[in-house]
Amino acid sequence: MPKKSAARPAFTEPHPLADEGIRLRITREIADDLAVDALSRDRAGKPPFDEAARLREAGLPGLLTPPGPARRGTDWRTACAVIREIAAADSSIGELLARHYVLSWSARFFSTPERADGLELRSAAKQWLWGGSTDIPDLEPTAGPDLTLTPAGDGYVLHGCKALASGVQVADRLMLGAVCAESGESLVVCVDPAHPGVVADAEHDRLGQRLTGAGRIGFDGVPVPADQVLGAVPHDEHAISPFATLAPLALRLALAHVSLGTAEGALAEARDIDRASSRGRPATGPDDGAYPDAYPDRTSTDPYLLLAYGQLVTAVHTAAAVVESATEALARGLLAGQELGVDERADIAVLVAAAEAVTSRSAMDITTHVLELAQGADSPAGTLGFDRFWRNARVLTARTSPTHALRDIGDHYLNGTHPALTVRV
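Residues numbered from 1 in each chain as written. Predicted model: local features only at pLDDT ≥ 70, side-chain atom pairs only at ≥ 80, totals over all residues. Heavy atoms only, no water.

Enquirer: I keep staring at the pairing of strand β3 (residues 155-164) and nothing clicks. Help me out?
Expert: Two faces make up the sheet, and in a regular strand the side chains alternate between them. For strand β2 (residues 147-152) and β3, the ladder comprises six bridges, and the chain directions are antiparallel. Looking across to β3, one finds that proline 151 is bridged to tyrosine 156. Where β2 folds back onto β3 in an antiparallel hairpin, the turn is made up of two residues, including glycine 153, whose phi is positive at roughly 65°. (Pairing = 2+ DSSP bridges. Helix = DSSP H or I, 4+ residues; strand = E, 2+ residues; numbered from the N terminus.)

This is how it looks when you write it as structure tokens:
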């Protein structure tokens, strides 16, 4: 694993009784550190071993454990604020952390509180970084499940291959959804990727989000002891606990925070560069192959430039308001635990869908306009890396369809229809 550069600041060690202000200050420290070399790391596109080490050094992997007498961790509101802050500096690492936090809560969603507490204590103590996916295949998938579990003794043996969006080479533990080959049950299991039967193949030359550690991971006869099987997920939506179905909603909302952070990071960087020069970035000639400068004679008081920034900042504030409303609702739902009702879950699902739709549109609009302000990716401003914000936003938002989210919102508002109870993302 690459060693930490001597030029980087020493992060403050979090105290067990640290308040949320100190936690967020530590997050800002590591975010500032990531921002310094974000562009060079993005262009190199290497597996995020060094970045994962920085997260562990700052104690961020163990942040999201339920607060208790020892104040081991914090709540989802603070965790989402951490994701957003990190994403503004480096959206790839923001996504890596977002998926880790949701996966680290899998035992809460799919197992008993006692088992969840024990797993979270070990994970936090060892600063494990989680990868994987608990996405459960359909009952009758046309091509068969990606991962299968064959009973062997008191446990199972895992076979198959699965594409993962993050942590393929850097995760300390994997949380996976797989199907029992004999019973057809959908099970959520924990796997140690250090086993020789686990083979990781990183994805290279991605358009954006190059540092999440995405790729494919194969399992060839990997043993899964019985105590590493967290639980079964019913196929019938009427048998699924509403609380368990918060798992995909938590992931979707965490990724909405990543999209919002990406937009905020792009806008802040453009502002800092415009502040540094009354002219902004150097103009390009007609033969430079760049987009024309939208504000050829701009200064920091140019009314058209101020209008552009005003529109972009307003778009960020609007998206943030929707995301924060969904975050509050999800946090309350998570606190309710198994007492969460179907109606409350439906309200949370609609708010998350709204956050997803708004941030998806805002992230693309804002990063596109920031790129235009920077004169385009082929201009001298392109060397400052504004294209990476657009590329990252494009990859983040391409995974979901705002149309589906808006349809669910409309159906709930007009007809009172509840979004389907599911653990599918």
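Having put the structure on the table, let's press on.
Enquirer: It is not clear to me how the packing of aromatic side chains should be interpreted in this structure. Could you clarify?
Expert: In this description, an aromatic ring pair is defined by two values, namely the gap between the centres and the angle between the planes. Applying the stated criterion across every chain yields a total of six aromatic pairs. Between phenylalanine 109 and phenylalanine 110 the ring centres are 6.3 Å apart and the planes differ by 65°, which places this aromatic pair in the edge-to-face class. The same class applies to phenylalanine 109 and to phenylalanine 110, which are both buried. Here the aromatic rings of tryptophan 128 and tryptophan 130 are separated by 6.0 Å at their centres, their planes lie at 80°, and the arrangement is edge-to-face. When its relative accessible area of 1% is taken as the criterion, tryptophan 130 is described as buried. Here the aromatic cluster, defined as three or more aromatic residues joined through ring pairs, consists of Trp76, Trp105, Phe109, Phe110 and Phe243. When the ring centre of tryptophan 128 is taken as reference, the NZ or CZ atom of arginine 173 above it lies at 4.1 Å. Cation over ring: arginine 388 sits above phenylalanine 389, and NZ or CZ is 4.3 Å from the ring centre. (Phe/Tyr/Trp six-rings, centres within 6.5 Å; stacked < 30°, edge-to-face > 60°. Buried < 20%, exposed > 50% of the residue type's maximum accessible area, 1.4 Å probe, protein only. Lys NZ or Arg CZ within 6 Å of the ring centre and 35° of its normal.)

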